[in-house]
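Analysis of the macromolecular model
As a plain string of letters, each chain reads:
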Amino acid sequence: MERTLKVDGKFRYVEIGQGTPIIILHGLMGGLSNFDGVADYFPKKGYKVVLPELPLYTNSILQTNVKAFAKFVKEFIEHLGFKEVILLGNSLGGHIALYFAKAYPSMLKAMILTGSSGLYESAMGDSYPKRGDYAYIQKKAEDVFYDPKIATKELVDEVFQTVNDRIKLIKTLTIAKSAIRHNMSKDLPNIHVATCLIWGKNDKVTPPEVAVEFNELLPDSSLYWIDKCGHAAMMECPNEFNEILNQWLTQRNIKDHENKYS
């Protein structure tokens, strides 16, 4: 679905609905459209869904790291005037959410992680990205999903274009190194925010054992599985993802019932 992108100073974002804010953090090769299912569903449930474009390729090289991206999210939330938010992150976006939870815990009501990096970074191994080889990029894109058909030509073309852009390639590799450097295993036991883990049982990028380890290390987490689903559950299985998340938010009574964010 086509969304209106707001441009406000250094921030570019989509904002839908009224209510408790859910801030969505996309992954390294992910776009805002990956979360169309969430953006369609949760405004009807009394949430404001906000999707910022993360400055993955626009920051200086010294600010191209997980810590700087978490600070950007903090500044974005402050800019919009929110006191506490729900963060939802996929892949690198989940890693940024985790670092945010470590650095700025008082700003978080809850956190949702799906296919998150932070513990296991094979997603960004030495062999990837590989420039010039379209078939290789296509296979990598297909491996993200249980159903390879979800990796449309448009999606593959976008990834191919990114890894063949020299500056974007350098920054992609810089982010990959930052993700490995900012491993969160020692920090997780100190992150007490309520966390919902929604994982594809067939995730090849951050496999199921990664989700189990997250669940064991985080003090206040719940783990839910989606069968026949890969690394981007919110994109591949949007109905199941939304139902699980809505049920968890309801059970945990996360929503601000006085609707002070309207």
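Worth saying up front: this structure is predicted, and the values here are computed from it rather than measured. (Residues numbered from 1 in each chain as written. Predicted model: local features only at pLDDT ≥ 70, side-chain atom pairs only at ≥ 80, totals over all residues. Heavy atoms only, no water.)

What follows is about the nonpolar core. If you look at the biggest cluster of nonpolar residues, it comprises 44 residues, and the most contacted ones within it are Ile23, Leu87, Phe100, Ile191 and Phe214. If you list the elements that add at least two residues to this core, you get strand S2 (11–16), strand S3 (20–25), helix H2 (66–80), strand S5 (85–90), helix H3 (92–103), strand S6 (108–114), strand S7 (195–200) and helix H7 (208–217). Residue contributions to this core peak at 8 residues, all from H2. With near-sequence residues (within four places) excluded, Phe214 lies in contact with Leu98, Ser116, Ser117, Gly118, Leu119, Leu188, Leu197, Trp199 and Ser221. (Core = buried A, V, L, I, M, F, W, Y, C linked by side-chain atoms within 4.5 Å. Buried < 20%, exposed > 50% of the residue type's maximum accessible area, 1.4 Å probe, protein only. Helix = DSSP H or I, 4+ residues; strand = E, 2+ residues; numbered from the N terminus. Contact = heavy atoms within 4.5 Å.)

With that out of the way, let us pick up the side chain of Ser116. Here Ser116 shows up in the loop between S6 and helix H4 (134–143). Here the side chain of Ser116 touches His95 through a polar contact of 3.4 Å, landing on its backbone nitrogen. Ignoring any residue separated from it by four or fewer positions in sequence, one finds Ser116 in contact with Ser91, Gly94, His95, Leu98, Trp199, Thr206, Val210 and Phe214. (Polar contact = N/O pair within 3.5 Å; in protein donor to acceptor, adjacent residues only side chain to side chain.)

Spatially, the 8 strands line up as an open sheet ordered S1-S2-S4-S3-S5-S6-S7-S8, and their pairing is mixed. Of all the strands in the sheet, just strand S1 (6–8) and strand S8 (221–226) have a single pairing partner and so form its edges. Across the sheet, the mean angle from the axis of one strand to that of its neighbour is 25°, orientation sign disregarded. Pairing of S3 with S5, which is carried by 4 bridges, proceeds in the parallel orientation. Bridging from a neighbouring strand, Ile24 pairs with Leu88 of S5. (Pairing = 2+ DSSP bridges. Axes fitted to C-alpha atoms, helices over the stretch in contact; angles between N-to-C directions.)

What follows concerns the confidence of the model for the protein chain. Of the residues in the protein chain, 92% reach a pLDDT of 70 or more, and the chain-wide mean stands at 91. The low-confidence segment residues 123–128 (pLDDT under 50) makes 13 contacts with residues lying over four places distant or belonging to another chain. (pLDDT = per-residue confidence, 0-100.)

Any two side chains of opposite charge can pair if their charged atoms end up close together. Considering all chains together, one arrives at 13 salt bridges under this definition. Between Asp143 and Lys204 there is a salt bridge whose closest N-O contact spans 3.6 Å. Pair noted here: Asp143 is in helix H4 and Lys204 is in the loop between S7 and H7, with a separation of 61 residues, a long-range link. Looking at Lys204, the relative accessible area reads 54%, which means it is exposed. With its nearest N and O atoms 2.9 Å apart, the salt bridge here joins Arg252 to Asp220. One end of the pair, Arg252, is in the segment after helix H9 (238–251); the other, Asp220, is in the loop between H7 and S8, and 32 residues separate them in sequence. With relative accessibility at 25%, the residue Asp220 sits in the partly exposed group. Salt bridges sharing common partners tie together Lys6, Glu15 and Lys48. (Salt bridge = Lys/Arg side-chain N within 4 Å of Asp/Glu carboxyl O.)

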